[in-house]
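Chain and residue survey
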Amino acid sequence: QKEVEQDPGPLSVPEGAIVSLNCTYSNSAFQYFMWYRQYSRKGPELLMYTYSSGNKEDGRFTAQVDKSSKYISLFIRDSQPSDSATYLCAMSVRSSGSARQLTFGSGTQLTVLP
Amino acid sequence: DAGVTQSPTHLIKTRGQQVTLRCSPKSGHDTVSWYQQALGQGPQFIFQYYEEEERQRGNFPDRFSGHQFPNYSSELNVNALLLGDSALYLCASSLPGPISYEQYFGPGTRLTVT
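The present account deals with the structure reproduced in this document. (Residues numbered from 1 in each chain as written. Chains lettered and ligands numbered in written order. Predicted model: local features only at pLDDT ≥ 70, side-chain atom pairs only at ≥ 80, totals over all residues. Heavy atoms only, no water.)

**Focus: the state of the cysteines**
Residue and element names in this part refer to chain A. Under the convention used in this document: By definition, disulfides here are pairs of cysteine sulfur atoms that lie within 2.5 Å. Strands are runs of DSSP state E lasting at least 2 residues, helices are runs of H or I lasting at least 4, and numbering of each runs from the N terminus.
Tallied over the full model, the rule gives two disulfides over all chains. Note on cysteine connectivity: Cys-23 is disulfide-linked to Cys-89, with sulfurs 2.0 Å apart. The chirality of the disulfide connecting Cys-23 with Cys-89 is left-handed, given an S-S dihedral of about -100°. One end of the pair, Cys-23, is in strand S3 (residues 19-25); the other, Cys-89, is in strand S9 (residues 85-93), with 66 residues separating them in the sequence.

**A few points about the interface of chain A and chain B**
To keep it simple, the criterion reads: Contact criterion: two residues are considered in contact whenever any of their non-hydrogen atoms come within 4.5 Å of each other. Values labelled buried area give the accessible surface lost by two parts on being combined, using a 1.4 Å probe and summing over both. Only one rule defines a salt bridge in this text: a Lys or Arg side-chain nitrogen within 4 Å of an Asp or Glu carboxyl oxygen. Pairs of N or O atoms within 3.5 Å make up the polar contacts considered here, provided that, within protein, one atom can donate a hydrogen while the other can accept it, and that residues adjacent in sequence are counted only when both atoms are side-chain atoms. Only Asp, Glu, Lys and Arg are considered charged in this grouping, and only Ala, Val, Leu, Ile, Met, Phe, Trp, Tyr, Cys and Pro are considered nonpolar; every other residue, Gly among them, is considered polar.
Of the residues lining the interface, 25 residues belong to chain A; the matching set on chain B comes to 26 residues. In this assembly, chain A packs against chain B so that about 2,000 Å² is buried in total across both faces, 53% of it on carbon and sulfur atoms. The interface formed by chain A and chain B holds zero salt bridges in total. Run the count over chain A and chain B and you get four residue pairs in polar contact (both at pLDDT 80 or more). Broken down by element, the side of chain A that touches chain B gets its largest block of residues, four residues, from strand S4 (residues 30-38) of chain A. Per-class residue counts for the side of chain A that touches chain B are 11 nonpolar, nine polar and five charged.

**Some details on the environment of Thr-111 of chain A**
Residues and elements named next belong to chain A. Here Thr-111 is to be found in strand S11 (residues 108-113). Between the alpha carbons of Thr-111 and Thr-86 there is a distance of 8.7 Å; along the sequence they are 25 residues apart. Aside from chain neighbours lying at most four places away, what touches Thr-111 is Leu-11, Ser-12, Val-13 and Ser-84.

**Quick word on unusual backbone geometry**
Spelled out, the test is: Using a 1.4 Å probe on the protein chains alone, a residue whose accessible area is under 20% of its type maximum counts as buried, one over 50% counts as exposed, and one in between counts as partly exposed.
Cis peptide bonds are those with omega within 30 degrees of zero, and the linkage from Gly-9 of chain A to Pro-10 of chain A qualifies with 5°. Positionally, Pro-10 of chain A belongs in the loop between strand S1 (4-6) and strand S2 (11-14). In the Ramachandran plot, Glu-51 of chain B falls in the positive-phi region, its phi being about 50° despite a non-glycine side chain. Take Glu-51 of chain B: it is sitting in the loop between strand S5 (44-50) and strand S6 (53-57). The exposure class assigned to Glu-51 of chain B is exposed, which follows from its relative accessible area of 52%. Positive phi, close to 80°, is recorded for Tyr-72 of chain B, a residue that is not glycine. Turning to its location among the elements, Tyr-72 of chain B is positioned in the loop between strand S7 (64-68) and strand S8 (74-78).

What follows is the structure in structure tokens.
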């Protein structure tokens, strides 16, 4: 079993829809959670970064963390064709040193249709 | 402000050869991590460099080695290339100190082994 599970999709929605992307994890030591957006043949771009359980909002994006259920979500409101990309969740354990290893999900491919 | 840069963009090598990939971190960042991303998968952690030393290593063989220079730039070396080493190699940099767990990625180097 992978430490981080993510539905690969593909997910196709009409423009303006609310998109929900999810990841589950098994390692309870994960405390830092990130969402990245990756366009085809490009490097991942950091979208959201959260530490505690609860919600964090940034424009059209909301990240949600439920540590008790080991479940994280990314919501995209008023989705646009430019949001079409692969979305990757990533997690890290807390470290007192410099270690910053990220464990990624396999990514969900999203297409927003005009 | 330049982000993370990587060179070369693309590379084609033959089985058994050796390859060196290069990365310059984002301005102000001192920690560099390398990831391997196979097609359709999330990035997998190879290793991390901080203060010119390898601080953490993922589940990759010794054929994968690296180096960090005093200016924080880094190299990834892969010896005795296998067909399975074909992937997108990503470099990520992060801020110094124990507070930040955010990592910023470069565009990647696409390696094809024939």
